[in-house]
Amino acid sequence: MTVSTQQLAPADLITTSIRTIQQGQSASGAYIASPTFEQYAYGWLRDGAYCAMAMDVVGHSSSSADFHQWVISVLHRHEEHITALTQLAANDESIDEGLLLPTRFHLNGRTELEHGADEWPNFQLDGYGTWLFAFREHIVHRDTPLSLREAGAVRLAAEYLASTWQLPCYDYWEEFGDRRHTSTLASIAAGLRAASDLVNEKAWRLKAQRVLRDIEELCTDGERFTKGPDDDRVDASLLSLATPFNLVALDDRRMVATVRAIDEQLTTSSGGVRRYVGDEYYGGSPWLLLTAWRGWHARRQGDEQAHARARDWVRLSAGHDGLMPEQRVDEPQLPEMVAVWEARWGTAADPLLWSHAKYLLMETKSELDGRGVVAR
């Protein structure tokens, strides 16, 4: 992409971000990942959960509510599968791959296979944990208790995570499906805690503690958190451990070292943040949502300088119309891979809804900022 030389004012970027998320929400309540990029014409639970969090903090909770009701309907649609899976897990039996839920759905709530399409392998757990976390945050904005249907969906999602959390699955980036991943485990732990809070189920908080033990025992190199038990690289999504999940303190020495590694290894000369070293997707370029995530974390730390650097980079990287793409391709790690992916899928997604969501979360103070580490 070409960096914009005509920036919208910050207030206009906020307005554009809200409007882009609203326009990307279907009548079903699902948020499309990108309205112009064919491969992203789905509702991801993870992307949507961050969009819902953003809409809550900017005062558009009706949009967030519609998304949560869509997820609740999806979970109830798969209740039979989840019940069968949890029974197998309880009996220590092997789990059939057909019982594992996808991370993304068509906007009507159906899976790709139900539409007769070729399945893009996507057994991935982070979305379910992130949704539970976002749903609890949404409930903070309401005075009414959970309905029976909502509580039932929370139980389904939590039981699904409790039954599958040890299985290898695809990571945040739909890659490395034969491994376990720290950011995925963080989403699971945060989701189980949230579910425990929502329906007062102590067993899920105990399970979250078990997941956290795996993170602390298997997913560090002694100094900082790593991409996974079998991958000592740093991944920008590790920010989620503290922001927003509050699994570790902002000033935890391992978290501080992780953020330092993100700054040193993944931040480009212009200030954008990449996913991880060795990333080939569109050349491993810096992503707007990751840079905004870094800025969000910095604001929660009270690091005004780091927040300003990230904020300015994201603002500069938005189009002249204020739309925010997935990534910039002018600073790739592997320049030869940019053309490979453009030949395969066209130019990178633009706009990407959770780029706008992370920008709003970076810019807008909320109760998420002040919340400390949840007691274990």
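We now turn to the structure provided with this report. Here the structure is a predicted model, which means the values were calculated and not measured.

Rules behind the numbers
- Residues numbered from 1 in each chain as written.
- Predicted model: local features only at pLDDT ≥ 70, side-chain atom pairs only at ≥ 80, totals over all residues.
- Heavy atoms only, no water.
- Phe/Tyr/Trp six-rings, centres within 6.5 Å; stacked < 30°, edge-to-face > 60°.
- Lys NZ or Arg CZ within 6 Å of the ring centre and 35° of its normal.
- Core = buried A, V, L, I, M, F, W, Y, C linked by side-chain atoms within 4.5 Å.
- Buried < 20%, exposed > 50% of the residue type's maximum accessible area, 1.4 Å probe, protein only.
- Helix = DSSP H or I, 4+ residues; strand = E, 2+ residues; numbered from the N terminus.
- Contact = heavy atoms within 4.5 Å.
- Expected span 1.5 Å × (residues − 1).
- Salt bridge = Lys/Arg side-chain N within 4 Å of Asp/Glu carboxyl O.
- Polar contact = N/O pair within 3.5 Å; in protein donor to acceptor, adjacent residues only side chain to side chain.

**Some words on the packing of aromatic side chains**
Part 1 of the reasoning: Tallied over the full model, the rule gives 22 aromatic pairs.
Part 2 of the reasoning: The side chain of arginine 104 reaches across the aromatic face of tyrosine 42, ending 5.4 Å from its centre.

**Re the nonpolar core**
Part 1 of the reasoning: Tyr50, Leu75, Trp131, Leu132, Tyr160, Leu241 and Trp354 are the most contacted members of the largest nonpolar core, which totals 116 residues.
Part 2 of the reasoning: Here this core gets ten residues from one element, more than from any other, and that element is helix α7 (residues 182–199).
Part 3 of the reasoning: Aside from chain neighbours lying at most four places away, what touches leucine 132 is Val154, Ala157, Ala158, Leu161, Gly191, Ala194, Ala195 and Leu198.

**Some words on unusual backbone geometry**
Part 1 of the reasoning: With an omega of 15°, the peptide bond between threonine 243 and proline 244 qualifies as cis.
Part 2 of the reasoning: Examined against the element boundaries, proline 244 turns out to sit in the loop between α8 (202–218) and α9 (253–266).
Part 3 of the reasoning: Here the phi dihedral of asparagine 246 falls at roughly 55°; this positive angle occurs in a residue that is not glycine.
Part 4 of the reasoning: Along the chain, asparagine 246 falls in the loop between α8 and α9.
Part 5 of the reasoning: Accessibility expressed as a relative area gives 4% for asparagine 246, which makes it buried.
Part 6 of the reasoning: Even without glycine at this site, tyrosine 282 takes up a positive phi of about 50°.

**Some words on α9**
Part 1 of the reasoning: Between the first and last C-alpha of α9 there are 19 Å, a value that for 14 residues agrees with the 20 Å anticipated at 1.5 Å per step.
Part 2 of the reasoning: Of the positions making up α9, those classed as buried are Arg254, Met255, Ala257, Thr258, Val259, Ala261, Ile262 and Leu266.

**Points about the environment of valine 373**
Part 1 of the reasoning: Inspection of the secondary structure puts valine 373 in the segment after α14 (367–370).
Part 2 of the reasoning: Put simply, valine 373 and phenylalanine 245 are 128 residues apart on the chain and 8.2 Å apart in space, counted from C-alpha to C-alpha.

**A look at the pattern of salt bridges**
Part 1 of the reasoning: Taken as a whole and assessed by the stated rule, the structure comprises 24 salt bridges.
Part 2 of the reasoning: Note that aspartate 263 is salt-bridged to arginine 294, the shortest N-O span being 2.8 Å. On the criterion of sequence distance, the pair formed by aspartate 263 in helix α9 and arginine 294 in helix α10 (residues 288–301) is long-range, its members being 31 residues apart.
Part 3 of the reasoning: By relative accessible area, aspartate 263 is classed as partly exposed at 30%.
Part 4 of the reasoning: Looking at arginine 294, the relative accessible area reads 7%, which means it is buried.
Part 5 of the reasoning: One salt bridge connects glutamate 363 with arginine 315, and the closest N-O pair in it is separated by 2.9 Å. With glutamate 363 in helix α13 (residues 353–363) and arginine 315 in helix α11 (residues 304–317), this residue pair connects regions lying 48 residues apart in the sequence.
Part 6 of the reasoning: Residue arginine 315 is classed as buried on the basis of its relative accessible area of 15%.

**A short note on α8**
Part 1 of the reasoning: Here α8 contains 17 residues, and its C-alpha end-to-end distance of 25 Å stays within 8% of the 24 Å for a straight helix at 1.5 Å per residue.
Part 2 of the reasoning: Its side-chain oxygen at 3.2 Å from the backbone nitrogen of alanine 203, glutamate 201 defines the N-terminal cap of α8.

**Quick word on the environment of tyrosine 281**
Part 1 of the reasoning: Turning to its location among the elements, tyrosine 281 is positioned in the loop between α9 and α10.
Part 2 of the reasoning: In the structure, tyrosine 281 is positioned 53 residues away from leucine 334 in sequence and 9.0 Å away in space, judged by C-alpha atoms.
Part 3 of the reasoning: Apart from the residues lying within four places of it in its own chain, the contact partners of tyrosine 281 are Phe37, Tyr40, Arg275, Trp287, Glu326, Gln327, Trp341 and Trp345.

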